[in-house]
2 protein chains.
Amino acid sequence: MEKKALDGGEAASIRLPGPAAKADPRRAPAPAAPKKPSAGPDRRVVVEKVRPELDGGRFPVKRVVGEPVAVDADVFADGHDELVCFMLYRHEDDAEWTRVPMRPLGNDRWRAEFTVAELGRYLYTVEGRLEPFLTWLRDLKKRLEAGQDVRPELPVGAQLAAAAAGRAEAAGQKTQARRLKDLAQDLETKGDPREKAARLAAAELTSLVVDWGDPAAFVRHSRELAVTVDRVKARFSAWYELFPRSTSSKAGLHGTFKDLAAHLPYVAEMGFDVLYLPPIHPIGRTHRKGRNNALKAGPNDPGSPWAIGDETGGHKAVHPELGTVEDFRKLVSAAQDHGLEIALDIALQCSPDHPYLKEHPEWFKARPDGSLRYAENQPKKYEDIYPLDFTCRDHKALWEETKSIFEFWMQQGVRIFRVDNPHTKPFALWEWLTSELRRRDPGLIFLAEAFTRPKVMARLAKAGFSQSYNYFPWRNSKWELESYFHELTRTELKEFLRPNLWPNTPDILTEYLQFGGRPAFLVRHVLAATLGASYGIYGPAFELCEGAAREPGHEEYKDSEKYELKRWPLERKDSLRAHIARVNRIRRENPALQNDSSLRFFRCDNEQILCYTKQAGGNVVLVIVSLDPNHKQSGWVELPLPEFGLAADKPYQVHDLLAERHYLWRGNRNYVELDPQGIPAHIFRLRRYVRTERDFDYFL
Amino acid sequence: MEKKALDGGEAASIRLPGPAAKADPRRAPAPAAPKKPSAGPDRRVVVEKVRPELDGGRFPVKRVVGEPVAVDADVFADGHDELVCFMLYRHEDDAEWTRVPMRPLGNDRWRAEFTVAELGRYLYTVEGRLEPFLTWLRDLKKRLEAGQDVRPELPVGAQLAAAAAGRAEAAGQKTQARRLKDLAQDLETKGDPREKAARLAAAELTSLVVDWGDPAAFVRHSRELAVTVDRVKARFSAWYELFPRSTSSKAGLHGTFKDLAAHLPYVAEMGFDVLYLPPIHPIGRTHRKGRNNALKAGPNDPGSPWAIGDETGGHKAVHPELGTVEDFRKLVSAAQDHGLEIALDIALQCSPDHPYLKEHPEWFKARPDGSLRYAENQPKKYEDIYPLDFTCRDHKALWEETKSIFEFWMQQGVRIFRVDNPHTKPFALWEWLTSELRRRDPGLIFLAEAFTRPKVMARLAKAGFSQSYNYFPWRNSKWELESYFHELTRTELKEFLRPNLWPNTPDILTEYLQFGGRPAFLVRHVLAATLGASYGIYGPAFELCEGAAREPGHEEYKDSEKYELKRWPLERKDSLRAHIARVNRIRRENPALQNDSSLRFFRCDNEQILCYTKQAGGNVVLVIVSLDPNHKQSGWVELPLPEFGLAADKPYQVHDLLAERHYLWRGNRNYVELDPQGIPAHIFRLRRYVRTERDFDYFL
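What you are looking at is a predicted structure, and each value in this text was computed from that prediction instead of being measured. (Residues numbered from 1 in each chain as written. Chains lettered and ligands numbered in written order. Predicted model: local features only at pLDDT ≥ 70, side-chain atom pairs only at ≥ 80, totals over all residues. Heavy atoms only, no water.)

Caption draft 1: How the structure looks around the overall build of chain A. Counting secondary structure elements, chain A contains 14 helices and 31 strands. With respect to the three principal axes, the spread of C-alpha positions in chain A is 105 × 80 × 45 Å. Within the span of chain A, comprising 700 residues, buried residues form 58% of the whole. Relative to all contacts within chain A whose residues are 6 or more apart in sequence, the contacts with residues 24 or more apart total 75%. With an accessible surface of roughly 29000 Å², chain A has 50% of that area assigned to carbon and sulfur atoms. (Helix = DSSP H or I, 4+ residues; strand = E, 2+ residues; numbered from the N terminus. Buried < 20%, exposed > 50% of the residue type's maximum accessible area, 1.4 Å probe, protein only. Contact = heavy atoms within 4.5 Å. Areas by Shrake-Rupley, 256 points an atom, 1.4 Å probe, with all protein chains shown as cover.)

In structure tokens:
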């Protein structure tokens, strides 16, 4: 497997042959694991409740390069013996474990951390053993304090030291063996026990005995757990979706990849880093849908890009009106020059004209009379689309073909895939596919488009998707947003489901956007871009605040771009592009906004005002958003200042990065006022230091 | 294995040969489980998060005979197909599963219940499969509603019905096969589809097709989970501990089993059902402890019963001054006549004179010079006790010998054991021992005396102990009690750790009891007896409100009965025996107090007043206790009346079972006043019905 550390990371961990040579005292190589540890009475240590652990280790948790993994476990034994615990971890390509001593947290819970430095998969587990020398030493000290005669106890310690010396010697560590032998002898011979105990501490002899403790005595957690390590972009990304065919500079013309290339600066200047294209393949003619999803297409209607395939080709072909595969490769490269990565939509379904229908009718669902079934979600019919049957008899060939589709586009330079409707295909397909493909490139990113049931969404994320669509579009009130983001960032979900927040998509124009006008788009954009380290918009409909729905009570766009070419008035004055560019710049400049794990909500006495922070090291961002697109709202927000390193009795500065204004605040309650006619949000950076008279010369 | 249903239970479940013969439509035998289900794409169903499940199925949960087990699971698949789910359960002695259809709870969660009717172990698991006929039928109905032409769909249903017919036929169910064939034919032939659909519903044909669905399509949870079924007494018991040697009617004489037999009515009249005796074995002479734990015993000091063994015998012998093994058997029988079961203390340790020390020195810990180690908890020394080393080389023999100790006393009629300090022996010993012994008698009850770390206590409970000592003695304030009992009854602990609440023991005289006087004993008794379905007291010290400690800041009794004979003034007027008898009678008469799972705390505006309810069916008991042994306390308690079936606007009766008083309450807020000089507690039974003028003739 290829290993890449593309988005940063730290130097490779040190793995050295023996304790003697260890450079970092916190790290030592693991001794060979005992083959099948016996469950006998000598295995008195219990290792359980190791976290993170998903479904008993069935699925890996997720991190990106450079992130820490904090591993906790209950480790204990009967009785009162001392024990030592280690976390073991390794990249799956490495044969040897790196061992990190765990520290006790109290109540028999232990913790250690490691940082994932490379793409791919790391494994980790926990082991512990009783440490008789530490128990002996602890009791020796107590005996000395109680004024007992400890001479009968010294040979016990000597015996343990001698055993450690034997193991060191067997491992060829002569110097250490010598020191341990000397220790054993010192304990055996006459002399003041107090002085012997002091010598033990002074020369770090104790840790030497522990280092050479009996490796066979370790009890290891019954499972090795895994963490998948993605590129940083899997966690922190700003997506922009557009239809390439709508990028022609001439009205009525079908846009091409070349037109799109000319359009790249527009997207790049807004600060996005992923440019996501709906399917770029030939579009079927049979049962092609017309404007506004009409059953019959007019002669010039371009059809839905999701009705994939015609006689010229299917999922590995490019729609002739867009250009060629060669043009696409050039586009990928041009996008790179603008800091944009192209994400491709993989929609595993076929128009009636797709070559698969003729070549592989066995891959489709048929009625008893042999007629193939088009897609349905009864009573809705999609006559222009035939679903593939991934559980058909010939599924192996179909799965391999599916893999080859992804591989084809990887060869053209694509490393990010947005997968359409993954929830209507078997979980096993995704688990196999994502792991097979990541073998070639562990930097692949898969976004699951599955607005489906919570358990199914979670399972897809476990099966290998790096990011997930989610219910953000329909969470509008304060209570909804707080409780949903609590679920995403504070429950087990945080270990494997990375939300990507989309205020709109070509299929989803929410009522909030339909009726809230420009302020609603501003609000939803700030929420998406700051609640989510990853977010995306479907543009230019979004920045142009397109809010017209096809019919009341529905979420489809009027004159949807899915069925017709568009020419967007990009230079319109009320476009949000400058605002979006500012927010994306704030995101790049503030590490706090590049993670979801630090999200915390705080009290505001107005139910229309949402107040939350994100944090990364010393970078603290406080976001205050009015959810009301219609009226001015004001209220008092409350912050636990000491938790941000701010003194409750000293002034501090809040710097509004959106409006470029600075305010002096003092105390934990502060007043805010938000006007939908301006910008109904503050994105504050908290700054601790405020200068007082004492900072200036004239005060002296 | 023997199977016993000692404390009630229900009729054995019905297990019949095929769906045709099933008496209860909710129960059907499981088809033969597919050998090793493939993980292929056809296995689209996911079964996960099955609850209850401890540590991934490593340990069983616990119930008593007659209790329900509610099994929940997430069961779902990709796509939109309908599925069916079953819970499977069986007693471990039965080869065949009983299958119960699970009902959907929403959000892809399913539930079914079964009742454990017999002692021993039950297994349970969950399986689900896609049900194509239900999917087809659902879509057929939608198509009909949408006015679509459904004729092309009918052969699909016919095909599924024919497949079901084939399976019924293969199983020899001719009548059912015939009905299914007729159905298939009906769907194949011409006619009004609406009438066909109606016929399907009317004749319960749908469930017949489902019953004969493809058994190979089931996906089963990867683990079989277990529940240990104990006697009801494992959940509901009132223990009384006394020292037999203190039961002589003559001052200064060593009490005997015969004296104790005469003492049984005293204990029985207080309403206890378990009489627990400290160790009854010969007591060592060497290093025997004197009064108040003095290092040297006087010539007449009887020594601690926990210093077990002398030249006449060890753990299988009876202290000569108590009587003989024969006397003990008679005592067990006499106790039974009084409704009392004898619980024996098993303390796995030896006095220096125990025969084991000579016969099996290899079972003890020795220093390098060969000298054996007495018990220590540095710097404390127990020179009169040598611990056994259960991890010694010869541990197999020692474990077998330990087992034989329990077996010996089982042969004398003992079925309840209180185990001393189990936390200083390997967990593996207990797991092996309790399961081995329960093979002989699944009605055995083991109480773990382990006032040790929370994780260790929990692990002992998982390893097989039926009941556990716990931190109740040290939980005195409202916050402490509420949060501790929340932990015991609302977290995972409730599935396997049954608390037994002891306000005092021979080793524990809490400061609350030392300084609170008689009201403190009343308060702690009501708390123990009503918060805990199982509780115990060490008497007669408890009912006589013995509160004198050996020294300030310590919990040992002054002139502790552990080291001397006592003669208790049982007839003293201020004894709590009448009060205790009343509370124990209330416990027996109110099923609400016989479980811990229904415990709920409610608001009282006075921090000294605790308010909680327990419930069993229509029996609701409301307990209100003042925690202040010194001052009168009053306050307003708040109850969510509708949850108890009480109308907020109608009067209801609260019947104080302690004081035998009736009060009329109305509304959810009511006033209470508690006086430590009287009884600082109410034990109310809530009674819904209050007669009004409309209930009497003269109103008409």
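What follows picks up the thread again.
Caption draft 2: How the structure looks around the relation of the copies chain B and chain A. Between chain B and chain A, the superposition needs a rotation of 180° and an axial shift of 0.0 Å, giving an RMSD of 0.1 Å. Look at the turn and shift together and you get a two-fold axis relating the two. Closest approach to the rotation axis within chain B is made by the C-alpha atom of G56 of chain B, at a distance of 3.2 Å. Take the interface residues of chain B: 98% of them recur as interface residues in chain A, which is what a same-surface contact looks like. (Least-squares fit on C-alpha atoms with pLDDT ≥ 70 in both.)

Caption draft 3: Seen up close, the sheet that holds strand 21 (residues 467-468) of chain B. Residues and elements named next belong to chain B. Taken in spatial order, the eight strands of this open sheet run 21-20-19-14-13-12-23-22, and their pairing is parallel. Looking at strand neighbours, the two that pair on one side only are strand 21 and strand 22 (500-501), the edges of this open sheet. Here strand 13 (residues 274-277) pairs with strand 14 (residues 341-346) via four bridges, running parallel. Bridging from a neighbouring strand, Y276 pairs with A343 of strand 14. Each of strand 22 and strand 23 (534-538) touches helix 13 (residues 511-531); the most contacted strand, strand 23, lies at about 150° to it. (Pairing = 2+ DSSP bridges. Axes fitted to C-alpha atoms, helices over the stretch in contact; angles between N-to-C directions.)

Caption draft 4: Expanded view of the interface of chain B and chain A. With 49 residues of chain B in contact, the opposing surface of chain A contributes 49 residues. Buried surface at the junction of chain B and chain A, summed over both partners, amounts to about 4400 Å²; 51% is from carbon and sulfur atoms. Seen at the junction of chain B and chain A, the total is 18 salt bridges. With a closest N to O distance of 2.5 Å, R373 of chain B and E153 of chain A form a salt bridge. (Buried area = accessible area lost by both parts, 1.4 Å probe. Salt bridge = Lys/Arg side-chain N within 4 Å of Asp/Glu carboxyl O.)

Caption draft 5: Summary view of the packing of aromatic side chains. Taken as a whole, this structure holds 76 aromatic pairs over all chains when the rule is applied. Seen in terms of ring centroids, Y469 of chain A and W502 of chain A are 5.7 Å apart; in terms of plane orientation they differ by 10°. Their pairing is stacked. Taken as a pair, Y469 of chain A in the loop between strand 21 (467-468) and helix 12 (478-490) and W502 of chain A in the loop between strand 22 (500-501) and helix 13 (511-531) lie far apart in primary sequence, 33 residues in all. Using a relative accessible area of 1% as the deciding quantity, one classes Y469 of chain A as buried. Residue W502 of chain A is classed as buried on the basis of its relative accessible area, which comes to 1%. Plain terms: the ring middles of Y652 of chain B and W665 of chain B are 6.5 Å apart, the flat faces sit at 80° to each other, and that makes the pair edge-to-face. Residue Y652 of chain B is located in strand 28 (residues 651-656), and its partner W665 of chain B is located in strand 29 (residues 661-666); the two are separated by 13 residues in the primary sequence. Among the aromatic residues, those joined into a cluster by ring pairs are W239, Y276, F451, Y469, W474 and W502 of chain A. Its guanidinium or amino end placed over the ring of F86 of chain B, R99 of chain B lies 4.0 Å from that ring's centre, counting from NZ or CZ. (Phe/Tyr/Trp six-rings, centres within 6.5 Å; stacked < 30°, edge-to-face > 60°. Lys NZ or Arg CZ within 6 Å of the ring centre and 35° of its normal.)

Caption draft 6: Molecular detail of unusual backbone geometry. P540 of chain A follows G539 of chain A through a cis peptide bond whose omega is -10°. Tracing the sequence through the fold places P540 of chain A in the loop between strand 23 (534-538) and helix 14 (577-589). The backbone of H287 of chain B shows a phi angle near 55°, a positive value even though the residue is not glycine. For H287 of chain B, the location among the structural elements is in the loop between strand 13 and helix 7 (325-337). A positive phi is found at D559 of chain B, a non-glycine position, where the angle reads about 50°. When you line up the elements, D559 of chain B lands in the loop between strand 23 and helix 14 (577-589).

Caption draft 7: Fine view of helix 14 of chain A. Residue and element names in this part refer to chain A. An ideal rise of 1.5 Å per residue puts 18 Å on 13 residues; helix 14 measures up with 18 Å between its terminal C-alpha atoms. Of the residues making up helix 14, those classed as buried are H579, I580, V583, N584, I586 and R587. Down the axis of helix 14, the sector holding all buried residues measures 155°, keeping them to one side. Looking at the buried residues of helix 14, the elements they touch are strand 12 (237-241), helix 13, strand 23 and strand 31 (681-687). (Expected span 1.5 Å × (residues − 1). Arc of directions from axis to C-beta.)

Caption draft 8: The side chain of S248 of chain B, seen in detail. Residues and elements named next belong to chain B. When you line up the elements, S248 lands in the loop between strand 12 (237-241) and helix 6 (257-269). You can call S248 buried: its relative accessible area is 9%. Among the polar contacts made by the side chain of S248, one reaches the main-chain amide nitrogen of K250 at a distance of 3.0 Å. Residue contacts for S248: discarding those within four places in its chain leaves L253, H254, G255, D259 and R567. (Polar contact = N/O pair within 3.5 Å; in protein donor to acceptor, adjacent residues only side chain to side chain.)

Caption draft 9: Representation of the environment of A73 of chain B in the model. Residues and elements named next belong to chain B. Checked against the element boundaries, A73 lands in strand 4 (residues 68-77). For A73, a relative accessible area of 0% puts it in the buried group. Along the chain, A73 and I342 lie 269 residues apart, while their C-alpha atoms are 41 Å from each other. With near-sequence residues (within four places) excluded, A73 lies in contact with E48, K49, V50, M102, D108, R109, W110 and V126.

Caption draft 10: Main features of the packing of helix 9 (residues 395-411) of chain A against helix 10 (residues 427-440) of chain A. Residues and elements named next belong to chain A. In the contact formed by helix 9 and helix 10, the axes pass within 11 Å of each other and the chain directions differ by 40°. It follows that helix 9 is oblique to helix 10 by the angle criterion. Judged by the sense of rotation from one axis to the other, the crossing of helix 9 with helix 10 is right-handed. Touching W399, E400, T402, K403, F406, E407 and M410 of helix 9 are A428, L429, W430, W432, L433, E436, L437 and R440, all from helix 10. (Parallel < 35°, antiparallel > 145°, perpendicular 65-115°, else oblique. Left-handed = near helix turned anticlockwise from the far one by under 90°.)

Caption draft 11: Local environment of the pattern of salt bridges. Residues and elements named next belong to chain A. With the rule as written, the count across this model stands at 120 salt bridges over all chains. When the shortest N-O distance is used, the salt bridge between E401 and K316 registers 3.3 Å. You can see E401 sitting in helix 9 and its partner K316 sitting in the loop between strand 13 (274-277) and helix 7 (325-337), a full 85 residues away along the chain. By relative accessible area, which is 30% here, K316 ends up partly exposed.

Caption draft 12: Seen up close, the pairing of strand 29 (residues 661-666) of chain A. All names here are of chain A. Two elements, strand 28 (residues 651-656) and strand 29, share six bridges in a ladder whose sense is antiparallel. For V654, the partnering residue across the bridge sits in strand 29 and is Y663. Here strand 28 folds back onto strand 29, and the loop between the two strands holds four residues, one of which, E660, carries a positive phi near 50°.

Caption draft 13: Representation of the sheet that holds strand 28 of chain B in the model. Residues and elements named next belong to chain B. Strand order in this open sheet of six strands is 24-25-26-31-28-29, and the pairing throughout is antiparallel. Two strands bound the open sheet, and with one partner strand each, they are strand 24 (600-601) and strand 29. Seen against the sheet, helix 13 touches strand 24, strand 25 (609-616), strand 26 (619-626) and strand 31 (681-687) and runs at an angle of roughly 30° to strand 25.

Caption draft 14: Geometry of the environment of W97 of chain B. Mapped onto the secondary structure, W97 of chain B falls in the loop between strand 5 (83-91) and strand 6 (98-101). A relative accessible area of 10% means that W97 of chain B is categorised as buried.

Caption draft 15: Geometry of the pairing of strand 14 (residues 341-346) of chain A. Residue and element names in this part refer to chain A. Most of strand 14 is tucked away, with six of its six residues classed as buried. Along strand 14, one buried face is formed by E341, A343 and D345 and the opposite face, lined by I342, L344 and I346, is buried too. Between the parallel pair strand 13 and strand 14, the chain is carried across by helix 7, and the sense of this crossover is right-handed. Inspection of the sheet shows strand 14 paired to strand 19 (residues 416-420) by four bridges, in the parallel sense. Following the sheet pairing, I346 is matched in strand 19 by V419. (Right-handed = clockwise from strand over helix to strand, strands pointing away.)

Caption draft 16: Highlighting the packing of helix 1 (residues 132-145) of chain B against helix 2 (residues 154-170) of chain B. Residues and elements named next belong to chain B. Look at helix 1 against helix 2: their axes get within 10 Å of each other, and the N-to-C directions meet at 155°. Between helix 1 and helix 2, the interaxial angle falls into the category roughly antiparallel. The element helix 1 and its partner helix 2 pack so that their crossing is left-handed. Packed against helix 1, whose contacting residues are P132, F133, W136 and L140, the element helix 2 presents L154, V156, G157 and L160 at the interface. Class assignment for the residues of the contact of helix 1 with helix 2 results in seven nonpolar, one polar and no charged. (Nonpolar A, V, L, I, M, F, W, Y, C, P; charged D, E, K, R; others polar.)

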